[in-house]
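# Working through the structure, step by step
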Amino acid sequence: MNVLGIETSCDETAAAVVTTTGDAARPWRVGSNVIASQVDIHREWGGVVPEIASRQHVRDICGVVDSALAGAALAWADIDAIAVTQGPGLIGSLLVGVAFAKAAAAAIDRPIVAVHHLAGHIESIFLEHGAIPLPALILVVSGGHTSLYLVEEPGHYQLIGLTRDDAAGEAYDKVARLLGLGYPGGPAIDRRAALGRDDAVDLPQPRFTHRHRFALPEGLAHRTRTGRPLAEFSFSGLKTAVVRLLEARGVPIAQGPHVPTGESPLSEQDVSDICASFQRVVVESLVERTFDAARQLGARSVGIAGGVSANSRLRKDAAARGAREGLPVFVPPLALSTDNAAMIAAAGLRKIERGATSPFDFNALATFDIE
Ligand code: KG4
Ligand code: ZN
């Protein structure tokens with residue numbers, strides 16, 4: 001079976017073909033994985049501009065899908081189903097992919113499968129590594145999300161933890177902007193951190209009192225099955241700590257969007273030290289809570305997916321912690337960790353295995369939980 005995946009939730013227009021192999025240990029194979037990134041367009045604005053993103057998706061989608069088919073050496077007639085990201089994401093961007101996918105599925109008379117973006121990130125691990133030991137505790141960590149899911153059986157994702165404020169990738173992007181490192185911030189900070197000392201700057205590790213851990217903010221309580229998260233993350237305080245630190249060092253910062261407004265007195269080494277220290281705190285918090293939850297839930301493996309899973313220190317520290325605790329750690333390759341459509345095709349295949357294709361009247365959704 002050949003599934004065409006389409007992903008347009010943010011600033012990457014992506015299409016891919018994933019094919020079933022018939023091998024239970026490694027059931028899926030990536031036939032092609034094409035991404036048209038808009039990063040160079042949005043960099044000028046310091047972040048993703050939604051209206052520009054959706055217009056660029058319209059320009060790129062036909063060519064990207066054509067190259068995904070060509071890359072897999074397939075014609076439209078060879079496609080058995082189309083999987084598309086329904087959300088969460090930027091609504092205008094999502095609509096381009098959803099409208100394209102519906103039109104294409106109608107034209108070739110094949111089923112369509114609406115996919116949750118985070119189910120895609122989770123399945124990127126299974127796409128790369130096949131049947132990993134279950135239950136698996138999966139950390140999805142990206143620009144929009146920092147969430148923990150327990151996967152007890154394939155295709156069933158139980159939310160057991162999330163961030164109460166910023167996503168980890170969002171914190172990377174904001175801190176990079178403060179340091180004048182440009183957009184996207186994650187890879188820039190990752191590179192600079194390698195040149196700095198991770199204990200040079202004292203930044204607070206986000207901590208929760210017992211009361212915090214077990215009382216979710218209004219509106220989030222219904223999102224975990226028990227109403228009590230096992231794990232929580234928080235990164236907005238860390239960003240504020242970096243703002244305070246920079247102010248104390250005499251960096252002129254405009255309040256509100258928190259952007260530097262003049263010459264920075266920081267040396268190159270100062271910037272690298274702040275990057276390394278910030279990265280240590282973020283990674284320690286991610287690794288600590290993930291492995292904590294894995295232990296409490298009796299997970300037999302740990303997975304890390306999403307854009308921030310590309311982070312070199314997160315990969316290294318999680319692997320080391322897993323080795324210490326005897327828990328195998330699975331991470332997708334770089335091409336599957338940031339947004340892509342192969343993971344969407346994989347999540348689509350997972351739903352198809354359950355017979356769960358979608359009616360044509362489903363709509364794009366800016367926010368919703370994995371069912
Ligand atoms: O999964 P993704 O491509 O898009 C979302 O669904 O959000 O993740 C993008 C995020 C951005 O915030 C980016 O700064 C971050 O992933 N990122 C990284 C690294 N590479 C990308 N963060 C830390 N270290 C990296 N090497
Ligand atoms: Zn993503």
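This text follows the structure it describes.
Below or above, wherever it landed, is the structure these notes cover. If you're wondering where the values come from, they're calculated on a predicted model, not measured in any experiment.

### Structural notes on the site of ligand 1
Within the structure, ligand 1 sits among 19 residues, and Gly143, Asp173, Gly186, Asp190 and Asn311 are positioned closest to it. Between ligand 1 and the protein, one listed contact pairs an oxygen atom with a side-chain N or O atom of histidine 121 at 3.2 Å. Serine 142 has a polar side-chain atom sitting 3.4 Å from an oxygen atom of ligand 1. Put simply, the parts of the chain that give the shell around ligand 1 at least two residues each are α4 (117–129), α5 (168–178) and α6 (185–193).

### Considerations on the packing of α5 against helix α8 (residues 236–248)
Two packed helices can be described by the angle between their axes and the distance between those axes. One can describe the packing of α5 onto α8 by two numbers: an axis separation of 10 Å at closest approach and a directional angle of 10°. Classified by the angle between their axes, α5 and α8 sit roughly parallel to one another. In this structure, α5 contributes Lys174, Val175 and Leu178 to the contact, and α8 contributes Lys239, Val242, Val243 and Leu246. Here the residues of the contact of α5 with α8 sort into five nonpolar, no polar and two charged.

### Some details on the sheet that holds strand β9 (residues 231–233)
Read from one edge to the other, the open sheet built from six strands follows the order β9-β8-β7-β6-β12-β13, with strand pairing classed as mixed. Each end of this open sheet is capped by a strand with a single partner; those strands are β9 and β13 (329–330). As paired elements, strand β12 (residues 301–305) and β13 share two bridges and run parallel to each other. By the bridge assignment for β13, glycine 303 is matched with phenylalanine 330. Where helix α9 (residues 268–296) meets the sheet, its contacts fall on β6 (136–141), β7 (146–151), β8 (158–163), β9, β12 and β13, and the angle it forms with β9 comes to roughly 170°.

### Overview of the coordination of the zinc ion (ligand 2)
For the zinc ion (ligand 2), the protein coordination sphere consists of His117 (NE2), His121 (NE2) and Asp339 (OD), at 2.0 to 2.1 Å. Counting gaps between the donor residues of the zinc ion (ligand 2) yields the pattern H-x3-H-x217-D. Here histidine 121 is found in helix α4, whereas its partner aspartate 339 is found in the loop between α11 (334–337) and α12 (342–353), with 218 residues between them in sequence.

### Some thoughts on the packing of aromatic side chains
Taken as a whole and judged by the stated rule, the model has two aromatic pairs. Pairing tyrosine 172 with phenylalanine 278 gives two aromatic rings, centres 5.1 Å apart and planes at 85°, and the pair type is edge-to-face. On the criterion of sequence distance, the pair formed by tyrosine 172 in helix α5 and phenylalanine 278 in helix α9 is long-range, its members being 106 residues apart. Phenylalanine 278 shares its class with tyrosine 172; the two are buried. The interplanar angle of 10° and the centroid separation of 6.4 Å between the aromatic rings of phenylalanine 233 and phenylalanine 235 together place this pair among those described as stacked. If you follow lysine 102 out to its NZ or CZ, it ends over the ring of phenylalanine 362, 4.9 Å from the centre. The ring centre of phenylalanine 126 lies 5.2 Å from the NZ or CZ of arginine 350, which sits over that ring.

### Digging into the sheet that holds strand β4 (residues 81–87)
Within a sheet, adjacent strands bond to each other through the backbone by hydrogen bonds, running parallel or antiparallel. The sheet built from five strands is open, its strands ordered β3-β2-β1-β4-β5 with mixed pairing. The strands lining the two open edges of the sheet, one partner per strand, are β3 (28–37) and β5 (112–116). Each strand axis lies, on average, 20° off the axis of its neighbour in the sheet, ignoring direction. Examined bridge by bridge, strand β1 (residues 2–7) and strand β2 (residues 12–20) share six bridges and lie antiparallel to one another. Considered in β2, the bridge of glycine 5 is made with alanine 16.

### Section: the pairing of β7
Summarising burial for β7: six of the six residues are buried, a large majority. Burial along β7 is two-sided: Thr146, Leu148 and Leu150 facing one way and Ser147, Tyr149 and Val151 facing the other are all buried. Pairing of β6 with β7, which is carried by six bridges, proceeds in the antiparallel orientation. Bridge assignment links isoleucine 138 to a residue of β7, and that residue is tyrosine 149. Relative to β8, β7 runs antiparallel, the two sharing four bridges. Residue pairing for β8: leucine 148 is matched across the bridge by glycine 161.

### Observations regarding α8
The terminal C-alpha atoms of α8 lie 19 Å apart, and with 13 residues this matches the ideal 18 Å at 1.5 Å per residue to within 8%. Among the residues of α8, those classed as buried are Leu238, Lys239, Ala241, Val242, Val243, Leu245 and Leu246. Buried residues belonging to α8 abut α5, β10 (253–254) and α9. Where α8 ends, the next residue or the one after it, glycine 250, has phi of about 85°, a positive value.

### Quick word on unusual backbone geometry
With omega at -5°, the peptide bond leading from leucine 134 into proline 135 counts as cis. Note that proline 135 resides in the loop between α4 and β6. Of the consecutive residues tyrosine 183 and proline 184, the connecting peptide bond is found in the cis state with omega at -5°. Counting through the fold element by element, proline 184 comes out in the loop between α5 and α6. The phi dihedral of alanine 73 falls on the positive side, at around 55°, and the residue is not glycine.

Conventions we followed
Sequence order as written defines the numbering, with residues in each chain counted from 1. Following the order in which they are written, the chains are lettered starting with A and the ligands numbered starting with 1. With pLDDT at 70 or above as the cut-off, local features in this predicted model cover only qualifying residues; side-chain atom pairs require 80 or more to be listed or tallied, and sums for whole chains, interfaces and linings still use all residues. Note: side-chain values were computed over all heavy atoms of the structure, leaving out hydrogens and water. Proximity is defined per residue: any heavy atom of the residue falling within 4 Å of a molecule or strand makes that residue near it. Definition of a polar contact: a pair of N or O atoms within 3.5 Å, with one able to donate and the other able to accept a hydrogen when the atoms are protein atoms, and with sequence-neighbouring residues admitted only if both atoms are side-chain atoms. Under the DSSP-based scheme used, a helix requires at least four consecutive residues in state H or I and a strand at least two consecutive residues in state E, with every element numbered from the N terminus. Inter-axis angles, ranging from 0 to 180 degrees, are taken between N-to-C directions of lines fitted to C-alpha atoms, where helices are fitted over the stretch in contact. Any angle from 65 to 115 degrees is called roughly perpendicular, while one under 35 is roughly parallel, one over 145 is roughly antiparallel, and all others are oblique. The contact rule is simple, with two residues in contact once any of their heavy atoms fall within 4.5 Å. Amino acid classes used here: Ala, Val, Leu, Ile, Met, Phe, Trp, Tyr, Cys and Pro are nonpolar; Asp, Glu, Lys and Arg are charged; the rest, including Gly, are polar. Any two strands with at least two DSSP bridges between them are considered paired. Water is not among the atoms examined, so metal sites may look incomplete; donors are the N, O and S atoms within 2.8 Å of the metal, or within 3.2 Å for Na, K and Ca. Under the pairing criterion, centres of Phe, Tyr and Trp rings, with the six-membered ring standing for Trp, must be within 6.5 Å; the plane angle then separates stacked pairs below 30 degrees from edge-to-face pairs above 60, leaving the rest tilted. The cut-offs for exposure are 20% and 50% of the maximum accessible area for each residue type, with area from a 1.4 Å probe on protein chains only; residues under the lower value are buried, those over the upper are exposed, and the others partly exposed. By the criterion adopted, a ring carries a charge over it if an Arg CZ or a Lys NZ lies within 6 Å of its centre and within 35 degrees of its normal. An expected span of 1.5 Å times one less than the residue number is assigned to each helix.

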